[in-house]
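Here's the letter readout for the chains.
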Amino acid sequence: MSVLPLDAADDVAAEPGSPARRQGLSEVLRRPGGLLAAGWLLFVVVASLTAPWWRPYGVAEQDLANRLALPSAEHWLGTDPLGRDLLSRIFTAGTEPLLSSAVTVLVAFGIGLPLALIAAERGPRVERVISRVTEVFLALPSTILLLAVIGVIGVRTFIIMAVLGVLISAAVYRVMLGVAQSVRTRLYVDAARVNGLGSLRVNVVHVLPSMATVIAVQAAQLYGIGLLIVAGLAFLGFGPAEPDPSWGFMIQDASSYVFNAPWLMVPTGLVLALTVIAANELADAIAGKAAGEAAPARRRRRSPALTAPLDGAAELAPADPDAVLEVRDLTIAVDDGADLVTGVSFALRPGRVLGLVGESGCGKTMTARSLLGLLPDGVSVRGGAIHWRGQDLVGRTEKELTAVRGREIALISQEPMVALDPMFSVAYQLTQPIRRFRGVGRGEARRIAAELLRNVGIVDAERVLRSYPHQLSGGMAQRVCIALALTGEPQLLIADEPTTALDVTVQAEILTLLRALVRDTGLSVVVVSHDLGVVADICDDVAVMYAGTVVESGTAAAVLDAPEHPYTQALLAANPHVPDGVPVPVRLASIPGTVPPPGSWPAGCRFATRCQFAQDQCRSPFPARPAHATGSVFCVRADELADAHVSWDADPVGAAHAPATTPTAGASR
Amino acid sequence: MLAFLARRMVMAIGTVLAAVVISFLLVHATDTSPGAVRLGTNATPERIVAENEALGWNRPLPTQFFDYLGDLVRGDLGTSLIDGRSIAADLADRVPVTASIALFATLLSGVLGIVLGVTAAVRGGRLARLITTGSGVALSLPVFWVGILLVYVLALQLGWLPATGYVPFTVDPAGWFTSLLIPVITLTIGGAAIVARTANAGLRQALAQEHVRTLRAMGTPEWRIRYVHALRFASLPVVSVLGIQFIALFGGSVIIENLFALPGLGQAGQAAAASSDFPALVGVVVVATLVVVVINLLLDLVVAALDPKVRAA
Ligand code: SF4
């Protein structure tokens, strides 16, 4: 699962139709495997614990006339070499492994979990000490040590299994430490501590509940391992002494009769195997619930065949004959689910830079990804067209798109530090596509790679070529990513938040570099950003997106100087220094409210839930109207507001201030 | 890199020391004594006391401990209380048996598990579900039960392989190989399942990485993304699980050696535990720990070769 803070729309896409979570036990049991597993475990435990009351025969009761019998009405599971009833013996034998394995789990978690919580809480120094000690424990051969314990204290199963718990606690600590640390960072636990909660309470109230799933999964797995070990020890003769039954010894016994009475090994082995399988299946069911079931493996996907939009596209097609890229009425949706982007249109001429801006969750990243056919699994283009140099990229096969990617359209992603493969050197990652795109040999490719690195402003190209991604700074990594994007000499570059992850000074450098590239090479660029400063800095055109649609578009100068849509105005009001061309992060929080999630967009204007000027007419469908010469604005009251010279008030004094504009509006109606 | 290896060396030595200390303390915490073990149940208390005195059992614990360490460094693990043989010589014969089973089983688990795991991750759908479910069952099966089943099918019913017993390599290489086959297959069933799960999860995780998206955006052919980039990324967890697997097989071989009458380390451990042969017990623990530690060090080298971050550290 991605660790990146993607658009909210991506989050929705990551779990298409995800079932309501946190339904706990009932959710685990709804999975057939989970239900069966829990049922079997319950049955074996109850049947074993109550065996003395219901078993048809005593464990030592011999029926010498019926030795090694197959299942019959008297002996449901058959008999052993002394004619003892297998059913009675199997379930009588169950008590010890079922209980002693629980002891192992309790001891292992009783030690490992508190240690992990302490290590996560006290920070790196304590953690290092505990971790070193547990590493030593982990490296000890636990089975052999158990034998040593048996040699010394004799066969005392519960104590032996407790010792095993101590040995395994190191492994439990390992797993739990990782979880506890990530929970603490996620939960802002330190904030809770500042608020005066004691450390024990913080752990019990905040940390442990979030770890519950992992604990349950690990405990169930460990329980299964414990069962196998108790049975294994009994198999070796380190279990209850005859005539008391044990699963392990019954199987050992069966092994000497495997030639003339193979049935003997079936019942005991099956009960033991099924019980362990049930414990593991329960663990899988719990884990599966937490992960929303394993995501389907990525398969080659073809966008669904599109028929409907053709007529609409035909009528709009010749909008801009010079455009190299033209997106028409693009709709992107979760398969059998909500729309994420609807009716997006824009055009891009050669050598120009288009900005897609908006808050996160507005669909700008989805739109940009669709240009390369790189939508997440479960998300696809449902309608519209992406005209790229005379061909429609919508509905292309993966193979046809592969030919376009890198060679004609390239991508710069928002997290340079994770965009490069950590296992390969920069040289490999650059020369490999260079050789593929340009058909050159190894030496020539390396020369070109060094040249590309110098072109993106890297001075000691040779050293960087020899480096691995983790040795690069963020800015350096982004330059390498840009060089990588240039290896195929593309005509269009898609830059998805190219500077968001970088320091402010580095941001400016990267923007300067992009501007120089456009100037020198005639590249077209689509920049995705939430930062109006970036847009003002390098974009020629801009499309402002809100809740999956374009609300205002036009040249960057026109839109930023004279925004007509209240949302654009609000964005600008939240970021007053834009005209200086200095990138300043937008304080988006100053627009009250949040973007409505996909699937709950209001009819008509989607900004109506947050707009200061919203009226009834905004809530029924209306068309966009042309604006800014080449663009459009999607606000039913835009003219009215412009005529009245009303614009967004950055700091409304509560809702009471908003109606102050309505008299004007009312007058013009 | 050097600092990393030095740290791992220190850890390794610490682990062996810990094993010696733990087993030493364990043996001395008992209420029986080596004299009693050696002389059997008929011995008079006076004779036991005299025997313990002769064995040096009553000397101060630190003296005994450092004597033992000194002997250990010289490769002397003492003599068995039961048959008086040199423990070091006995174990030197046994380690190759256990090691070859563990090694073969690990290699076979690796090959089979990676093929299955990669297939599941790449193909998806019903095949992936089959592999996941199958491996979930396979890793839950008790080895001794699987072993008997295999003996029943492969040796008794089909007669392809010998049921039990061990043929030394020096006597008959082919016989040696066939005598190990059923034990190795038995261990591989569970081992391959674990490797398959790890490879499957690792590859899926690798394919979900941001850098894979970069590769896709560059039009990199799908085979290269999967088998060069993603597989390399997934190799780290797979290699470490293979190491853990070898260690688990090595330590856990006691059951398989018992079942197939193989003269390995585990069998010695079982015999020593059953007869409270203290020096032999300590010897088995120490030798097993040594092997584990060496394997861990080799594993560190492999990881360093695979992971540029470790190499640079
Ligand atoms: S249409 Fe109405 S609600 Fe939407 S932006 Fe314009 S004034 Fe606001």
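Residues numbered from 1 in each chain as written. Chains lettered and ligands numbered in written order. Predicted model: local features only at pLDDT ≥ 70, side-chain atom pairs only at ≥ 80, totals over all residues. Heavy atoms only, no water.

Inclusion rule: UniProt positions are given in the numbering used here, feature names are shortened, and annotations may be inferred rather than shown by experiment.
Looking at an unreviewed UniProt entry, one finds chain B named ABC transporter permease, with Modestobacter caceresii as its source organism. Under the heading Sequence similarities (unreviewed entry), UniProt records this for chain B: "Belongs to the binding-protein-dependent transport system permease family." Under the heading Subcellular location (unreviewed entry), UniProt records this for chain B: "Cell membrane".

In the nomenclature of an unreviewed UniProt entry, chain A is known as Peptide ABC transporter ATPase of Modestobacter caceresii.

Thoughts on the overall build of chain A
Applied cut-off: Secondary structure elements follow DSSP: runs of H or I no shorter than four residues count as helices, runs of E no shorter than two count as strands, and numbering proceeds from the N terminus. Each residue's exposure class comes from its accessible area (1.4 Å probe, protein chains only) as a fraction of the maximum for that residue type: buried when under 20%, exposed when over 50%, partly exposed otherwise. Contacts are residue-level and defined by heavy atoms, with any inter-residue pair within 4.5 Å sufficient. Using a 1.4 Å probe, accessible areas were evaluated by the Shrake-Rupley method; residue-level cover was limited to the displayed protein chains.
Counting its regular elements, chain A contains 26 helices and 12 strands. A total of 669 residues make up chain A; the buried ones form 52% of that total. Sequence separation of at least 24 residues holds for 68% of the intrachain contacts in chain A that already meet a minimum separation of 6. When the accessible surface of chain A is summed, it comes to about 28,600 Å², and 59% of that surface belongs to carbon and sulfur atoms.

A short note on the domain arrangement of chain B
Residue and element names in this part refer to chain B. Basically, it comes down to this: Either an automatic procedure or a domain database provided the assignment from which the domain bounds are taken. We define buried area as the total accessible area lost by two parts upon association, computed with a 1.4 Å probe and summed across both. For this analysis, a salt bridge means a side-chain nitrogen from Lys or Arg found within 4 Å of a carboxyl oxygen belonging to Asp or Glu. A 3.5 Å cut-off defines polar contacts: any pair of N or O atoms within that distance qualifies, except that in protein one atom must be a possible hydrogen donor and the other a possible acceptor, and neighbouring residues in sequence count only when both atoms are side-chain atoms.
Taken domain by domain, chain B consists of domain 1 (2-73) and domain 2 (95-311). Between domain 1 and domain 2, the C-alpha centre-to-centre distance is 33 Å. On the side of domain 2, 14 residues touch domain 1, which itself brings 19 residues to the contact. Taking both sides of the interface into account, the surface hidden between domain 1 and domain 2 amounts to around 1,400 Å²; carbon and sulfur atoms contribute 85%. In terms of surface lost to domain 2, no three residues of domain 1 exceed Phe 4, Val 16 and Val 27, which account for 29% of the buried area on that side. Linking domain 1 with domain 2 are one salt bridge, by the criterion used here. Salt-bridge contacts for Asp 300 lead to Arg 8; the nearest nitrogen and oxygen are separated by 2.8 Å. For the pair domain 1 and domain 2, the interface holds one residue pair in polar contact (both at pLDDT 80 or more). The set of elements that each furnish at least two residues to the side of domain 1 that touches domain 2 consists of α1 (2-28), α2 (34-39) and α4 (61-73). It is α1 that provides the largest number of residues to the side of domain 1 that touches domain 2, a total of 11 residues.

Regarding the confidence of the model for chain A
Applied cut-off: Every residue is assigned a pLDDT by the predictor, reflecting its confidence on a scale from 0 to 100.
Averaged over chain A, the pLDDT score is 78; the fraction of residues at 70 or greater is 83%. Below a pLDDT of 50 lies the segment residues 292-318 of chain A, which in the model reaches 35 contacts outside its immediate sequence neighbourhood of four places, other chains included.

Things to note about the sheet that holds strand β10 (residues 549-555) of chain A
All names here are of chain A. For clarity, the cut-off: One requirement defines pairing of two strands: DSSP has to find at least two bridges between them. In this analysis an axis means a line fitted to C-alpha atoms, helices contributing only their contacting stretch, and an angle means the value between N-to-C directions, from 0 to 180 degrees.
Taken together, eight strands build an open sheet; the order of strands is β6-β7-β8-β3-β9-β10-β12-β11 and the sheet is mixed. Of all the strands in the sheet, just β6 (409-412) and β11 (625-627) have a single pairing partner and so form its edges. Taken pair by pair, the neighbouring strands of this sheet meet at an average axis angle of 25 degrees, ignoring direction. With three bridges joining them, β11 and strand β12 (residues 631-633) adopt antiparallel strand pairing. Considered in β12, the bridge of Ala 627 is made with Gly 631. Where helix α24 (residues 566-573) meets the sheet, it contacts β9 (541-546) and β10, and its direction lies at approximately 100 degrees from that of β9.

Some thoughts on the site of the ligand
Test applied: Here, proximity means that at least one heavy atom of the residue falls within 4 Å of the molecule or strand. Amino acids are sorted into nonpolar (Ala, Val, Leu, Ile, Met, Phe, Trp, Tyr, Cys and Pro), charged (Asp, Glu, Lys and Arg) and polar (every other residue, Gly among them).
If you check the shell around the ligand, you find 13 residues, and the closest are Cys 605, Cys 611, Cys 618, Cys 635 and Val 636 of chain A. Across the shell around the ligand, the residue classes break down as 11 nonpolar, one polar and one charged.

Focus: the packing of helix α3 (residues 32-49) of chain A against helix α5 (residues 86-122) of chain A
All names here are of chain A. Note the cut-off: Any angle between 65 and 115 degrees counts as roughly perpendicular, while under 35 counts as roughly parallel, over 145 as roughly antiparallel, and the rest as oblique. By definition, turning the near helix anticlockwise from the far helix through less than a right angle yields a left-handed crossing, and turning it clockwise yields a right-handed one.
Direction vectors running N to C along α3 and α5 enclose 115 degrees, while the axes themselves pass 7 Å from each other. Here α3 lies roughly perpendicular to α5, going by the angle between them. In the crossing of α3 with α5, the sense of the turn from one axis to the other is left-handed. Residues Phe 43, Val 44, Val 45, Ala 47, Ser 48 and Leu 49 of α3 form the contact with α5, whose participating residues are Phe 91, Gly 94, Thr 95, Leu 98 and Leu 99. When the residues that make up the contact of α3 with α5 are grouped by side-chain class, the tally is eight nonpolar, three polar and no charged.

Some words on the UniProt feature "transmembrane region" (unreviewed entry) in chain A
What UniProt calls "transmembrane region" (unreviewed entry) maps, in this numbering, to residues 35-54, 98-120, 132-153, 159-177, 220-241 and 261-279 of chain A. Overall, residues 98-120 of chain A shows 100% helix and 0% strand. The separation of its end C-alpha atoms is 32 Å.

Some points on the UniProt feature "domain: ABC transporter" (unreviewed entry) in chain A
Following the UniProt record, the feature "domain: ABC transporter" (unreviewed entry) maps to residues 325-572 of chain A here. The distance separating the terminal C-alpha atoms of residues 325-572 of chain A is 27 Å; by composition the span is 41% helix and 26% strand.

Some remarks on α3 of chain A
To keep things clear, this is the line we draw: Here the expected span of a helix is defined as 1.5 Å times the quantity of residues minus one.
An ideal rise of 1.5 Å per residue puts 26 Å on 18 residues; α3 of chain A measures up with 26 Å between its terminal C-alpha atoms. When we look at burial in α3 of chain A, the residues that qualify are Gly 34, Ala 37, Leu 41, Val 44, Ala 47 and Ser 48 of chain A.

Thoughts on the interface of chain A and chain B
Contacts between the two partners involve 71 residues from chain A and, on the opposite side, 73 residues from chain B. In terms of surface lost to chain B, no three residues of chain A exceed Ile 144, Val 152 and Met 423 of chain A, which account for 11% of the buried area on that side. Our count for the contact surface shared by chain A and chain B stands at two salt bridges. The closest approach of N and O atoms between Arg 8 of chain B and Glu 135 of chain A, which form a salt bridge, is 3.5 Å. The tally of links from chain A across to chain B stands at 13 residue pairs in polar contact (both at pLDDT 80 or more). When residues of the side of chain A that touches chain B are assigned to their parent elements, the largest contribution, 10 residues, is made by helix α12 (residues 265-290) of chain A.

What about the environment of Ala 261 of chain A?
Residues and elements named next belong to chain A. Locating Ala 261 in the fold gives a position in the loop between α11 (247-256) and α12. A relative accessible area of 9% places Ala 261 in the buried class. In the structure, Ala 261 is positioned 232 residues away from Leu 493 in sequence and 73 Å away in space, judged by C-alpha atoms.

Section: the sheet that holds strand β1 (residues 325-334) of chain A
Paired through backbone hydrogen bonds, the strands of a sheet run either parallel or antiparallel to each other. Residue and element names in this part refer to chain A. In space, the four strands of this open sheet follow the order β2-β1-β4-β5, with antiparallel pairing throughout. For this open sheet the edge positions go to β2 (339-348) and β5 (391-392), each flanked by a neighbour on one side alone. The pairing of β1 with β2 spans six bridges and is antiparallel. Each residue of the ladder has a partner; that of Val 327, found in β2, is Phe 346.

Quick look at the UniProt feature "domain: ABC transmembrane type-1" (unreviewed entry) in chain B
Taken from the UniProt record, the annotation "domain: ABC transmembrane type-1" (unreviewed entry) applies to residues 95-303 of chain B. Along residues 95-303 of chain B the backbone is 85% helical and 0% strand, and the end-to-end C-alpha distance reaches 25 Å.

Structural notes on the pattern of salt bridges
All chains considered together, the criterion is met by 30 salt bridges over all chains. A salt bridge links Arg 447 of chain A to Glu 451 of chain A, with the shortest nitrogen-to-oxygen separation between them at 3.1 Å. Of this pair, Arg 447 of chain A and Glu 451 of chain A both sit in helix α18 (residues 442-455), separated by four residues, roughly a single helical turn. Connected via shared salt-bridge partners are Arg 132 and Glu 135 of chain A together with Arg 8 and Asp 300 of chain B.

Observations concerning the UniProt feature "transmembrane region" (unreviewed entry) in chain B
Residue and element names in this part refer to chain B. Under the local residue numbering, the UniProt record ascribes the feature "transmembrane region" (unreviewed entry) to residues 101-122, 134-155, 175-196, 233-260 and 280-306. Structurally, residues 233-260 is divided into 100% helix and 0% strand, and its ends, taken at the C-alpha atoms, are 39 Å apart. Counting secondary structure, residues 280-306 comes out at 100% helix and 0% strand; the distance between its end C-alpha atoms is 39 Å.

Let's talk about α18 of chain A
Structurally, the α-helix is built with 3.6 residues per turn, so residues lying three or four positions apart point the same way. Residues and elements named next belong to chain A. Helix length check: α18, at 14 residues, gives a terminal C-alpha distance of 20 Å against a target of 20 Å (1.5 Å per residue), a fit within 8%. The complete set of buried residues in α18 reads Ala 445, Ile 448, Ala 449, Ala 450, Leu 452 and Leu 453. Check the buried side of α18 and you find it contacts α17 (426-438), α19 (461-466) and α20 (474-486). Immediately beyond the C-terminal end of α18, within one or two residues, lies Gly 457, with a positive phi of roughly 85 degrees.

Considering unusual backbone geometry
Residue and element names in this part refer to chain A. Within the chain, Glu 489 stands out as a residue other than glycine whose phi angle is a positive 45 degrees. Here Glu 489 is to be found in the loop between α20 and β7 (492-496). The residue Glu 497 is not glycine, and still its phi comes out positive at about 45 degrees. Note on placement: Glu 497 falls in the loop between β7 and α21 (504-521).

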